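Residue-level structural notes
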Amino acid sequence: MSDKRPIGLLDSGVGGLTVVEEVIKKLPHEDIIFIGDEAHMPYGVRPASEIIKYTREMVEFLISKNVKAIIYACNTATARALPTLEKEFDVPMFGVIKSGAQSAVADTNTDDIGVIATESTVNSGTYPATIAKVDDQIKVHSIAAQHFVKIVESNASDTDASKADIAETLAPLKDTDIDTLILGCTHFPMLEKQIHDFMGDQVKLVDPGIETTNVTKKYLAEKGMLTDNEQSGKVELNTTANLDSFKSLALDWLGYDISEINLIHIGD
Ligand code: DGL
């Protein structure tokens with residue numbers, strides 16, 4: 001059995017490309033369709049009702065492209081929209097939070113885990129609740145680092161100002177016993193080097209997109225839904241605004257032969 005339909009991924013912006021990269025690596029023959037909702041980015045400061053509305057529009061777009069599964073390459077959409085939307089649509093959907101929480105619990109020895117995420121993800125309490133379901137003895141230290149999204153979107157990761165900002169925001173974590181830090185926003189793996197430089201070798205950084213891709217691959221394999229194509233998959237990227245900056249970040253990050261990058265309009 002095989003299924004040649006593409007895998008869909010969604011995010012508010014370029015952060016989801018960190019998950020696209022992982023899918024290309026682990027499922028190189030699959031076609032991929034990604035949508036980033038740059039027109040409504042950042043999601044992390046929006047009320048839940050808007051995050052659900054905009055995420056629903058991305059899901060409808062991906063379904064119109066005949067995808068066989070959707071990866072929420074966005075923690076904020078996973079926390080706020082996935083529980084509602086998985087009841088509305090039949091297509092299999094995979095969020096990043098459960099996988100990220102499980103990886104971190106497996107990695108920690110001190111039983112202290114840090115989470116950095118958007119304001120909305122931190123306020124939702126989804127990471128601590130999900131971690132507690134796996135192991136309720138673990139202490140979770142959360143920090144809303146919403147402004148890191150802007151650093152990534154404006155391609156300013158390596159500036160002195162950004163490094164100082166990262167140090168100031170993460171300083172409170174230095175007073176804890178964390179040995180594991182969840183990059184709880186898909187934009188943040190683009191700052192992995194800067195975050196690692198500040199936190200040091202003793203803190204393991206967890207990118208939830210990695211385990212989410214493993215979980216998706218396993219599901220598709222078990223259901224006989226992997227493609228039997230032998231050539232490399234096509235990668236189609238779509239953005240709802242900011243085509244030029246999206247394109248340059250996408251090509252920089254993926255360094256990959258992208259089949260198409262489109263500016264699209266969705267919703268009303
Ligand atoms: N990349 C997103 C996340 O994983 C959201 C960033 C934002 O739009 O605020 O949470």
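See the structure printed just above.
Scope of this entry: the structure provided in the associated data block. (Residues numbered from 1 in each chain as written. Predicted model: local features only at pLDDT ≥ 70, side-chain atom pairs only at ≥ 80, totals over all residues. Heavy atoms only, no water.)

Before going further, it helps to examine the site of the ligand. Contacts to the ligand come from 14 residues, most closely from Ser 12, Tyr 43, Asn 75, Thr 76 and His 187. Between Asn 75 and the ligand, the recorded distance is 2.8 Å, taken from a backbone N or O atom to an oxygen atom. The separation between an oxygen atom of the ligand and a polar main-chain atom of Thr 186 is 2.8 Å. Computed on the free molecule, the ligand has an accessible area of 300 Å², of which 100% lies beneath the protein chains in the complex. Here the residues of the shell around the ligand sort into five nonpolar, eight polar and one charged. (Near = heavy atom within 4 Å. Polar contact = N/O pair within 3.5 Å; in protein donor to acceptor, adjacent residues only side chain to side chain. Areas by Shrake-Rupley, 256 points an atom, 1.4 Å probe, with all protein chains shown as cover. Nonpolar A, V, L, I, M, F, W, Y, C, P; charged D, E, K, R; others polar.)

Next up on the list: the sheet that holds strand β3 (residues 69–72). Pairing is parallel in the open sheet, where six strands are placed in the order β4-β3-β1-β2-β9-β10. Every interior strand has two partners, whereas the edge strands, β4 (93–94) and β10 (260–263), have only one. Here strand β2 (residues 32–36) pairs with strand β9 (residues 235–239) via five bridges, running parallel. Bridge pairing in β9 links Ile 33 to Glu 236. (Pairing = 2+ DSSP bridges. Helix = DSSP H or I, 4+ residues; strand = E, 2+ residues; numbered from the N terminus.)

So, on to the packing of aromatic side chains. How two aromatic rings sit relative to each other is given by the distance of their centres and the angle of their planes. Considering all chains together, one arrives at four aromatic pairs under this definition. Look at Phe 34 and Phe 246: their rings are 6.3 Å apart centre to centre, the planes differ by 10 degrees, and that puts the pair in the stacked class. Linking Phe 34 in strand β2 with Phe 246 in helix α12 (residues 243–254), this pair joins segments that are 212 residues apart in sequence. Given the relative accessible area of 0%, Phe 34 is considered buried. Using a relative accessible area of 1% as the deciding quantity, one classes Phe 246 as buried. Each ring, one from Phe 94 and one from Tyr 219, has its centre 5.2 Å from the other, and the planes form 70 degrees; the classification is edge-to-face. Here Tyr 219 lies in helix α11 (residues 208–222) and Phe 94 lies in strand β4, a separation of 125 residues in the sequence. (Phe/Tyr/Trp six-rings, centres within 6.5 Å; stacked < 30°, edge-to-face > 60°. Buried < 20%, exposed > 50% of the residue type's maximum accessible area, 1.4 Å probe, protein only.)

Remember, this is a structural readout, not a statement about activity or role.
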